[in-house]
Amino acid sequence: MRSSKGVAAGLAALSLLLALPTAAAGNGADQAEKIRRLDIMLMVTGLRCRTTADNFQSDYGRFTRAHLGTLNAASDSLKADLSRRFGAAGANRALDRLSTQMANQYGQGHPWLNCGQLKQVARSLADMRGSAPLVEAADALLERGPQRLAWLRK
């Protein structure tokens, strides 16, 4: 069972980590996909959590408004990469498939974060600026797995 004190401390630590300037690894298409995946995960899990005490729809809305330029640039970059690989018509189909796969992956919720934790993540990310914190958050929340976020179990 996670204590709320431990979760709050962990999320604060994540916020501090994400606030540090880092060089995001990977090429532009990799970063764009990570940002797109993070956005879709927050959107889908936000919809799942909207009927709970930890409804974070307004926090997700703040996140999307704060990062609209970055989210749109990531989507455009991803689509451009897919266009180079599959042509214009193929890119639209590939992007639709990819977005559907991402949404389906989180349709049953996040693998290890609950609604309260996701609410804190969305709130923290809404206050950050630039693409680097979003790429770092995607790495921490989507790629590394719970073993890299041991502080959430405290």
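Look a little higher up for the structure.
Residues numbered from 1 in each chain as written. Predicted model: local features only at pLDDT ≥ 70, side-chain atom pairs only at ≥ 80, totals over all residues. Heavy atoms only, no water.

Novice: Give me the state of the cysteines: which residues, what numbers.
Specialist: Considering all chains together, one arrives at one disulfide under this definition. Sulfur-sulfur distance for the disulfide between C49 and C115 comes to 2.0 Å. In this structure, the disulfide formed by C49 and C115 twists by about -80° around the S-S bond and is classed as left-handed. With C49 in helix α2 (residues 28-49) and C115 in helix α5 (residues 115-126), this residue pair connects regions lying 66 residues apart in the sequence. The exposure class of C49 is buried, given its relative accessible area of 2%. (Disulfide = S-S within 2.5 Å. Helix = DSSP H or I, 4+ residues; strand = E, 2+ residues; numbered from the N terminus. Buried < 20%, exposed > 50% of the residue type's maximum accessible area, 1.4 Å probe, protein only.)

Novice: Quick rundown of the packing of α2 against helix α4 (residues 68-105)? Include the residues and the values.
Specialist: Between α2 and α4, whose axes approach to 6 Å, the crossing angle comes to 30°. When the interaxial angle is binned, α2 and α4 end up roughly parallel. The two elements α2 and α4 cross, and the hand of that crossing is right-handed. Within the contact between the two elements, α2 uses G28, A29, A32, E33, I35, R36, R37, D39, I40 and V44 and α4 uses T70, L71, A74, S77, L78, D81, L98, S99, M102, A103 and Q105. When the residues that make up the contact of α2 with α4 are grouped by side-chain class, the tally is eleven nonpolar, five polar and five charged. (Axes fitted to C-alpha atoms, helices over the stretch in contact; angles between N-to-C directions. Parallel < 35°, antiparallel > 145°, perpendicular 65-115°, else oblique. Left-handed = near helix turned anticlockwise from the far one by under 90°. Contact = heavy atoms within 4.5 Å. Nonpolar A, V, L, I, M, F, W, Y, C, P; charged D, E, K, R; others polar.)

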